[in-house]
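What follows is the residue order along each chain.
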Amino acid sequence: MPSRTARRRAAVVGLGSRARLFTRALAGPYADRYELVGFCDVNSRRMAVHNAWLAEEHPGRAPVPAYPAAEFDAMLRRERVDLVVVCSVDRTHDEYIVRALEAGCDVVTEKPMTTDADRARRILAARERSGREVRVAFNYRYNPVHSAVRELLAGGAVGEVGSVHFEWLLDLRHGADYFRRWHREKANSGGLLVHKSTHHFDLVNWWLGTHPETVYAQGGLFFYGDEAGGRRGLSRGYDRAHGSPEAEGDPFAVHLADSPLLRALYLDAEAEDGYHRDRNVFAPGVTIEDDMAVLVRYATGASLTYHLTAYSPWEGYRVAFNGSAGRLELLVEESTWTRRPARGSAGVPHGTEAEDTAGRTRLLLRPFWAEPREVEVPSGEGGHGGGDVRMLADLFGEPLPDPLHRAADAVAGARSLVTGLAANRSMETGAAVRTRDVLEL
Ligand SMILES: NC(=O)c1ccc[n+]([C@@H]2O[C@H](COP(=O)([O-])OP(=O)(O)OC[C@H]3O[C@@H](n4cnc5c(N)ncnc54)[C@H](O)[C@@H]3O)[C@@H](O)[C@H]2O)c1
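If you're wondering where the values come from, they're calculated on a predicted model, not measured in any experiment.

Draft legend 1. Quick look at the site of the ligand. Taken together, 29 residues lie around the ligand, and D41, D90, Y96, Y266 and Y275 are the ones closest in. A distance of 2.6 Å is found between an oxygen atom of the ligand and a side-chain nitrogen or oxygen belonging to D41. Measuring from an oxygen atom of the ligand, one finds a backbone N or O atom of S88 at 3.3 Å. Contact with the protein chains hides 91% of the accessible area of the ligand, taken as 850 Å² for the molecule alone. Its residues assigned to classes, the shell around the ligand shows twelve nonpolar, ten polar and seven charged. When residues of the shell around the ligand are assigned to domains, at least three map to each of domain 1 (4–136) and domain 2 (140–224 + 286–383 + 408–438).

Draft legend 2. Up close: unusual backbone geometry. With an omega of -15 degrees, the peptide bond running from K111 to P112 counts as cis. The backbone of R80 shows a phi angle near 45 degrees, a positive value even though the residue is not glycine. For R80, the position within the fold is in the loop between α3 (72–78) and β4 (83–86). Judged by relative accessible area, R80 falls into the exposed class, the value being 55%. One non-glycine residue with positive phi stands out, namely W369, at about 60 degrees.

Draft legend 3. Spatial organisation of the packing of aromatic side chains. Taken as a whole, this structure holds 20 aromatic pairs when the rule is applied. On the numbers, 6.0 Å between centres and 65 degrees between planes, the contact of F223 with F282 is edge-to-face. In this pair, F223 sits in the loop between β8 (212–220) and α11 (226–231) while F282 sits in the loop between α13 (270–273) and β9 (291–298), placing the two residues 59 residues apart along the sequence. Taking the relative accessible area as the measure of exposure, F282 reaches 2% and is therefore buried. Aromatic rings pair up to connect Y140, F166, W168, F201, W207, Y306, Y317 and F321 into one cluster. Lying across the ring of F222, R232 places its NZ or CZ 4.5 Å from the centre. Directly above the ring of Y266 sits R277, whose terminal nitrogen or CZ lies 5.2 Å from the centroid.

Draft legend 4. Here's a closer look at the environment of L331. Within the secondary structure, L331 sits in strand β12 (residues 326–335). Judged by its relative accessible area of 25%, L331 falls in the partly exposed class. Note: C-alpha distance between L331 and Y317 (14 residues apart in sequence) is 6.0 Å. Those residues in contact with L331 that sit more than four places away from it in its chain are W314, Y317, R318, R360, T361 and R362.

Draft legend 5. Representation of the domain arrangement of the chain in the model. Here the chain is described as being made up of domain 1 (4–136), domain 2 (140–224 + 286–383 + 408–438) and domain 3 (226–273). Domain 1 and domain 2 are separated by 27 Å when their C-alpha centres are compared. In this assembly, 18 residues from domain 1 lie in contact with 20 residues from domain 2. Looking at the side of domain 1 facing domain 2, the largest losses of area belong to D90, K111 and T115, adding up to 27% of the total buried there. Put simply, domain 1 and domain 2 have zero salt bridges between them. Summed over the shared surface of domain 1 and domain 2, the number is six residue pairs in polar contact (both at pLDDT 80 or more). Among the elements of the structure, α5 (117–130) and β6 (134–136) are those that each provide at least two residues to the side of domain 1 that touches domain 2. Among the elements that line the side of domain 1 that touches domain 2, the one with the most residues is α5, at five residues. Residue composition of the side of domain 1 that touches domain 2, by class: eight nonpolar, three polar and seven charged.

Draft legend 6. Molecular detail of the nonpolar core. Grouped together as the largest cluster of nonpolar side chains are 94 residues, with contacts concentrated most on W207, Y224 and F321. With nine residues, the single largest contributor to this core is helix α16 (residues 410–429). Two domains each donate at least three residues to this core, and these are domain 1 (4–136) and domain 2 (140–224 + 286–383 + 408–438). With sequence-adjacent residues up to four places away left out, F321 is seen in contact with V149, L153, V161, S163, V164, W207, L208, G326, R327 and L328. Of all hydrophobic cores here, the second largest spans 26 residues; its members include A27, F39, C87 and F396.

Calculation rules
- Residues numbered from 1 in each chain as written.
- Predicted model: local features only at pLDDT ≥ 70, side-chain atom pairs only at ≥ 80, totals over all residues.
- Heavy atoms only, no water.
- Near = heavy atom within 4 Å.
- Polar contact = N/O pair within 3.5 Å; in protein donor to acceptor, adjacent residues only side chain to side chain.
- Areas by Shrake-Rupley, 256 points an atom, 1.4 Å probe, with all protein chains shown as cover.
- Nonpolar A, V, L, I, M, F, W, Y, C, P; charged D, E, K, R; others polar.
- Domains from an automatic or database assignment.
- Helix = DSSP H or I, 4+ residues; strand = E, 2+ residues; numbered from the N terminus.
- Buried < 20%, exposed > 50% of the residue type's maximum accessible area, 1.4 Å probe, protein only.
- Phe/Tyr/Trp six-rings, centres within 6.5 Å; stacked < 30°, edge-to-face > 60°.
- Lys NZ or Arg CZ within 6 Å of the ring centre and 35° of its normal.
- Contact = heavy atoms within 4.5 Å.
- Buried area = accessible area lost by both parts, 1.4 Å probe.
- Salt bridge = Lys/Arg side-chain N within 4 Å of Asp/Glu carboxyl O.
- Core = buried A, V, L, I, M, F, W, Y, C linked by side-chain atoms within 4.5 Å.

Structure, rendered in structure tokens:
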């Protein structure tokens with residue numbers, strides 16, 4: 001184990017809700033290997049909240065120096081940063097990744113790596129020039145059941161994979177959350193086929209050990225947004241829930257004042273930057289889709305039929321692999337929530353209720369000419385089916401062998417992204433899109 005003087009100096013940019021996973025890890029279980037030396041955000045209140053949380057968990061600890069976004073480069077120099085963890089709004093990832101690499105730092109970035117092809121090219125070029133490392137935080141690769149799928153497929157359990165059928169459902173609580181805040185604008189998030197599906201397209205690339213070549217997609221805004229909401233009588237006349245009597249009793253509203261976490265991180269911080277985290281999901285201005293069908297052809301010849309729905313009564317996914325020697329079926333029920341959430345709970349970041357009902361996981365191998373066999377998979381504790389904890393160990397712990405190649409680099413980040421970018425283009429043009437016409441990899 002390295003001595004304390006050999007600790008690497010880490011900074012986190014974007015101190016919203018997701019950043020807590022990383023600040024806790026760096027200040028807690030990995031404090032013998034890393035020293036948290038800088039926070040950077042456009043919002044000083046949110047950085048103060050993170051410092052307050054760290055002080056609660058580690059009494060007597062000095063606050064992490066907090067820098068405004070305009071002083072990111074100065075922070076890297078002054079704090080002699082070795083590693084930057086990027087957890088800011090998606091459209092800003094590329095700026096921080098490129099500047100960190102150019103300053104000689106390694107980078108861990110939240111997904112999606114970025115939101116468009118030009119930004120992805122800039123990241124890949126900066127990584128090449130700098131020789132530094134970019135790791136994309138694809139926590140789903142570390143979920144034990146996903147690792148088991150990779151092992152089974154790589155071991156030939158179903159022979160050669162001809163096709164994959166993949167359906168992902170986001171429930172009315174979690175799915176709606178993308179329509180309450182910055183994700184609702186495509187310029188910020190790339191739309192859900194980038195922001196969310198980057199996880200899923202990465203899993204397919206990794207499971208099959210291949211990359212996408214052709215993509216066709218259809219999709220639209222079916223449920224959320226002002227037009228659909230108005231047509232179905234779901235709209236209410238408010239823009240954001242806080243202070244709006246019309247939001248009372250709206251099952252789609254999130255009430256920031258009712259949750260100490262949401263109040264501290266967002267409501268009490270919004271005077272600085274006007275970030276409203278409780279927009280009406282049926283208010284105008286939504287430019288992303290909520291229902292999308294994608295057809296992909298891979299370099300191996302395999303095909304994928306994929307569907308993402310953001311307005312489902314339950315949350316989870318089904319994946320099936322059709323192979324030359326059988327079929328592998330995965331069902332994961334992340335949430336069976338069907339009731340209206342308690343006031344104020346609807347906006348709790350992903351996972352709280354899902355974790356309560358998690359574990360309904362079924363991995364079934366159906367070989368040709370033999371009985372189907374259920375594959376036992378160790379259950380994963382913590383967020384994202386246990387993926388978060390295992391990913392942190394891989395990112396910040398002692399280096400260990402990685403036989404499943406779970407560590408995702410910038411090329412993996414771009415390869416997952418290109419399916420969503422090509423799908424976005426296909427939805428615009430109505431034509432199939434070759435991924436190399438979007439981003440040559
Ligand atoms: N891997 C996962 O499962 C997972 C889960 C949740 C979020 N995420 C990712 O984490 C990131 C953050 O998501 P979140 O839910 O915490 O969002 P959030 O809105 O809570 O936090 C975003 C933070 O970025 C800051 N920010 C905005 N513009 C900035 C700029 N120009 N410079 C610096 N900081 C800026 C905001 O002030 C805010 O503090 C996103 O990229 C998201 O995709 C990943």
